[in-house]
Amino acid sequence: MARNSWGHCSHCKYFASPAAAPLDGEEAACDEPGLAKLELRVFGTCGCKRFELRKGLAPTVERPRAAV
Ligand code: SF4
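Residues numbered from 1 in each chain as written. Predicted model: local features only at pLDDT ≥ 70, side-chain atom pairs only at ≥ 80, totals over all residues.

Chemist: How should the environment of Gly-7 be read in this particular structure?
Modeler: Of note, Gly-7 is situated in strand S1 (residues 7-8). Exposure remark for Gly-7: the 20 C-beta atoms within 10 Å place this residue in the buried category. Sequence separation between Gly-7 and Val-61 is 54 residues; the distance between their C-alpha atoms is 9.5 Å. (Helix = DSSP H or I, 4+ residues; strand = E, 2+ residues; numbered from the N terminus. Buried ≥ 20, exposed ≤ 12 C-beta atoms within 10 Å, placed from the backbone.)

Chemist: How should I be thinking about unusual backbone geometry in this particular structure?
Modeler: For residues besides glycine, phi is generally negative; the peptide bonds are generally trans as well. Located in the positive-phi region is Glu-39, a residue other than glycine, with phi close to 50°. Assignment of secondary structure puts Glu-39 in the loop between strand S2 (27-29) and strand S3 (41-43).

Chemist: Help me understand the environment of Tyr-14 in this model?
Modeler: Along the chain, Tyr-14 falls in the loop between S1 and S2. On the neighbour-count criterion, Tyr-14 (21 C-beta atoms within 10 Å) is buried. With 39 residues separating them in the primary sequence, Tyr-14 and Leu-53 have C-alpha atoms 8.8 Å apart. In this view, Tyr-14 contacts Cys-30, Asp-31, Glu-32 and Glu-52; residues no more than four positions away in its chain are not counted. (Contact = placed C-beta atoms within 7 Å.)

Worth remembering: the numbers are spatial, not functional.
Written out as C-alpha coordinates, the structure is:
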(Lines give C-alpha, C1' and ligand atoms only; values in the text may rest on other atoms or scores of the structure.)
Protein backbone atom coordinates (compact mmCIF):
# COMPACT_ATOMS: atom_id res chain seq x y z
CA MET A 1 0.00 0.00 0.00
CA ALA A 2 1.31 3.43 -0.90
CA ARG A 3 2.78 5.70 1.71
CA ASN A 4 0.54 8.62 2.72
CA SER A 5 -2.59 6.50 2.55
CA TRP A 6 -4.86 6.76 5.56
CA GLY A 7 -5.25 3.49 7.43
CA HIS A 8 -6.12 2.02 10.82
CA CYS A 9 -3.51 1.43 13.49
CA SER A 10 -4.59 -2.21 13.94
CA HIS A 11 -3.50 -2.90 10.34
CA CYS A 12 -0.33 -0.78 10.44
CA LYS A 13 3.21 -2.11 10.63
CA TYR A 14 4.12 0.61 13.15
CA PHE A 15 1.49 -0.48 15.69
CA ALA A 16 3.69 -1.93 18.46
CA SER A 17 1.55 -4.95 19.21
CA PRO A 18 3.10 -8.42 19.47
CA ALA A 19 0.03 -9.86 17.70
CA ALA A 20 0.18 -10.84 14.03
CA ALA A 21 -3.31 -9.41 13.56
CA PRO A 22 -4.04 -6.88 16.35
CA LEU A 23 -7.63 -6.27 17.43
CA ASP A 24 -9.49 -2.97 17.00
CA GLY A 25 -9.75 -2.45 20.76
CA GLU A 26 -6.08 -3.08 21.41
CA GLU A 27 -3.83 -0.25 22.68
CA ALA A 28 -0.14 0.02 21.76
CA ALA A 29 2.63 2.49 21.04
CA CYS A 30 3.19 3.94 17.56
CA ASP A 31 6.71 3.20 16.29
CA GLU A 32 6.50 5.25 13.08
CA PRO A 33 9.94 6.99 12.93
CA GLY A 34 8.51 10.52 12.66
CA LEU A 35 5.98 9.97 15.47
CA ALA A 36 7.88 7.74 17.90
CA LYS A 37 9.41 10.72 19.70
CA LEU A 38 5.87 11.75 20.74
CA GLU A 39 5.48 8.43 22.62
CA LEU A 40 1.89 8.10 21.40
CA ARG A 41 -0.43 5.38 22.71
CA VAL A 42 -3.02 4.55 20.07
CA PHE A 43 -5.94 2.16 19.69
CA GLY A 44 -6.52 -0.19 16.78
CA THR A 45 -9.43 1.94 15.62
CA CYS A 46 -7.22 5.06 15.42
CA GLY A 47 -5.34 5.82 12.22
CA CYS A 48 -3.32 8.33 10.22
CA LYS A 49 -1.79 9.05 6.81
CA ARG A 50 1.59 7.57 7.78
CA PHE A 51 -0.03 4.14 7.73
CA GLU A 52 1.83 1.27 6.09
CA LEU A 53 0.26 -2.15 5.78
CA ARG A 54 1.33 -4.64 8.43
CA LYS A 55 3.23 -7.66 7.14
CA GLY A 56 0.97 -10.66 6.60
CA LEU A 57 -2.27 -8.68 6.19
CA ALA A 58 -4.08 -8.42 2.86
CA PRO A 59 -4.63 -4.90 1.44
CA THR A 60 -8.35 -5.67 1.44
CA VAL A 61 -8.47 -5.19 5.23
CA GLU A 62 -8.49 -1.43 4.58
CA ARG A 63 -11.27 -1.45 1.98
CA PRO A 64 -14.56 0.17 2.99
CA ARG A 65 -17.16 -2.30 4.21
CA ALA A 66 -20.73 -2.31 2.99
CA ALA A 67 -23.32 -1.04 5.44
CA VAL A 68 -25.60 -3.70 6.91
S1 SF4 B 1 -0.63 6.42 14.30
FE2 SF4 B 1 -0.34 6.14 12.08
S3 SF4 B 1 1.76 5.34 11.84
FE4 SF4 B 1 1.16 5.09 14.00
S5 SF4 B 1 0.37 2.99 14.17
FE6 SF4 B 1 -1.37 4.37 13.76
S7 SF4 B 1 -1.64 4.38 11.53
FE8 SF4 B 1 0.42 3.56 11.97
